[in-house]
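Listed below are the residues making up each chain.
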Amino acid sequence: MQTIEHDATVDDFPAGTFNLIHSRFVFEHLEERDAVLAKAVRWLAPGGWLLLEDTGPFPFDSSPNELYRRVSKAVLSIATKRMGSDYEWSRAFPSQLRANGLVHTGVHASSHGVGATPMGRAWRLTAEHIAADLNTDFGITATELAAFADQIESPSFDDLCIASIAAWGQKPPVTGLPSQRSSG
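Structure report, in brief. (Residues numbered from 1 in each chain as written. Predicted model: local features only at pLDDT ≥ 70, side-chain atom pairs only at ≥ 80, totals over all residues. Heavy atoms only, no water.)

Details of the pattern of salt bridges
- For the structure on display, the rule yields 10 salt bridges.
- As a salt-bridge pair, Asp 12 and Arg 42 come within 2.5 Å of each other at their nearest N and O atoms. Of this pair, Asp 12 sits in the segment before strand S1 (18-24) while Arg 42 sits in helix H1 (residues 33-43), and the two are 30 residues apart along the sequence.
- The class of Asp 12 is partly exposed, set by a relative accessible area of 48%.
- The closest approach of N and O atoms between Asp 137 and Lys 81, which form a salt bridge, is 3.0 Å. Taken together, the residues Asp 137 in helix H6 (residues 131-138) and Lys 81 in helix H3 (residues 66-83) connect sequence positions 56 residues apart. (Salt bridge = Lys/Arg side-chain N within 4 Å of Asp/Glu carboxyl O. Helix = DSSP H or I, 4+ residues; strand = E, 2+ residues; numbered from the N terminus. Buried < 20%, exposed > 50% of the residue type's maximum accessible area, 1.4 Å probe, protein only.)

Structure below.
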C-alpha cells in the first residue's frame, strides 16, 4: 500500500486514481472544503471508498457544567476566528457524501472524556495558550481559566470533550459491463 501526502487544495490527480481516501481532521480547516470534497470524490475509482473524520462541538452544547461549556465553546470560537475552521461542517455528514454521489454512506461519532485524561490535559493547554483571546473576546478571567483547568484535570470531573465524527461512502461501482465469454 502506498501513502501519498499532498495539498488537496492545490494538487490534483486523474479521476479514478484511488481505491481509498482517508482524511483525518483536515476538511474542517479548509476554506474551500466543499470544492475539495468534490475533487476527492472525483479521485475515487469506481467502487472506491472515502473516509472523512472531523470534529464536532455538540458535546459542549449539552454540558451540565456552565464554566466548562462556556470556556470550551469560546475556545472553538477563537479557533474558528483564527484559522477559519468550521467545526459544525461535520454535522452534515453523511448527507454531504450522498450529495456528491457516494452510496453506502454511514456515520459514527465518539467523544473522549475529560477529567485527569490526556484529552483533558490537551484541552487545558489549548485554553491556556489562547488565554488572552479568551479574556478579550469572551471576558473569561484568569480566575475562571484556573478553575476550568482544575476541573478538567480532576479525576472526579466527568464530562465529554469535542467529538470525533467519521463518515464514509463508496463511489458506485461500474455496472452493466459486458460479460467476458471464452471462445472456444
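Quick notes on the nonpolar core
- Core analysis: the biggest nonpolar cluster contains 22 residues, and Tyr 68, Val 71, Trp 123, Leu 134 and Phe 148 have the highest contact counts within it.
- Breaking this core down by element, the ones donating at least two residues are H3, helix H5 (118-129), helix H7 (142-153) and strand S4 (159-170).
- Tallying contributions element by element places H3 first for this core, with eight residues.
- The residues touching Trp 123, leaving out its near neighbours within four places in the chain, are Phe 60, Tyr 68, Ser 72, Val 75, Leu 76, Phe 148, Ile 152 and Cys 161. (Core = buried A, V, L, I, M, F, W, Y, C linked by side-chain atoms within 4.5 Å. Contact = heavy atoms within 4.5 Å.)

Examining the packing of aromatic side chains
- Summed over all chains, the structure comprises eight aromatic pairs.
- Seen from their ring centres, Phe 60 and Trp 123 are 5.4 Å apart, and the 20° between their planes marks the pair as stacked. Highlighted residues: Phe 60 in helix H2 (residues 58-61) and Trp 123 in helix H5, separated in sequence by 63 residues.
- Among the aromatic residues, those joined into a cluster by ring pairs are Phe 60, Tyr 68, Trp 123, Phe 148 and Phe 157.
- The cationic tip of Arg 91 hangs over the ring face of Phe 58; the distance from NZ or CZ to the ring centre is 5.4 Å. (Phe/Tyr/Trp six-rings, centres within 6.5 Å; stacked < 30°, edge-to-face > 60°. Lys NZ or Arg CZ within 6 Å of the ring centre and 35° of its normal.)

Points about H7
- Over its 12 residues, H7 runs 16 Å from end to end, which matches the ideal 16 Å to within 8%, given 1.5 Å per residue.
- Leu 145, Phe 148, Ala 149, Gln 151 and Ile 152 are the residues of H7 that are buried. Buried positions in H7, seen along its axis, are confined to an arc of 160° and lie on one side of it. Turned more than 90 degrees from where H7 packs its buried face, Ala 142, Thr 143 and Asp 150 sit exposed.
- Each element contacted by the buried residues of H7 is listed here: H3, strand S3 (103-114), H5 and H6. (Expected span 1.5 Å × (residues − 1). Arc of directions from axis to C-beta.)

Considering the sheet that holds S3
- Pairing is mixed across the open sheet formed by four strands, whose spatial order is S1-S2-S4-S3. Edge positions in the sheet fall to S1 and S3, since each of these pairs with one other strand and no more. Averaged over all neighbouring strand pairs, the angle between strand axes comes to 10°, with direction disregarded.
- Pairing geometry for S1 and strand S2 (residues 44-56), over six bridges, is parallel. Following the sheet pairing, His 22 is matched in S2 by Leu 51.
- Strands S1 and S2 of the sheet are contacted by H1, whose axis makes an angle of about 145° with S2. (Pairing = 2+ DSSP bridges. Axes fitted to C-alpha atoms, helices over the stretch in contact; angles between N-to-C directions.)

Remarks on the pairing of S4
- Along S4, 10 of the 12 residues are buried, which leaves the element largely enclosed by surrounding structure.
- Of the pairings in the sheet, the one linking S2 to S4 comprises eight bridges and is antiparallel in character. Bridged to Leu 52 within S4 is Ala 167.
- One ladder, built from nine bridges, connects S3 with S4; its direction is antiparallel. The residue of S4 that forms the bridge with Val 103 is Gln 170.

Overview of the side chain of Asp 159
- The residue Asp 159 is located in strand S4 in this model.
- Looking at Asp 159, its side chain comes within polar contact range of the side chain of Ser 63, at 2.5 Å.
- Ignoring anything within four residues of it in the chain, the contact list for Asp 159 reads Ser 63, Pro 64, Asn 65, Tyr 68, His 112, Gly 113 and Val 114. (Polar contact = N/O pair within 3.5 Å; in protein donor to acceptor, adjacent residues only side chain to side chain.)

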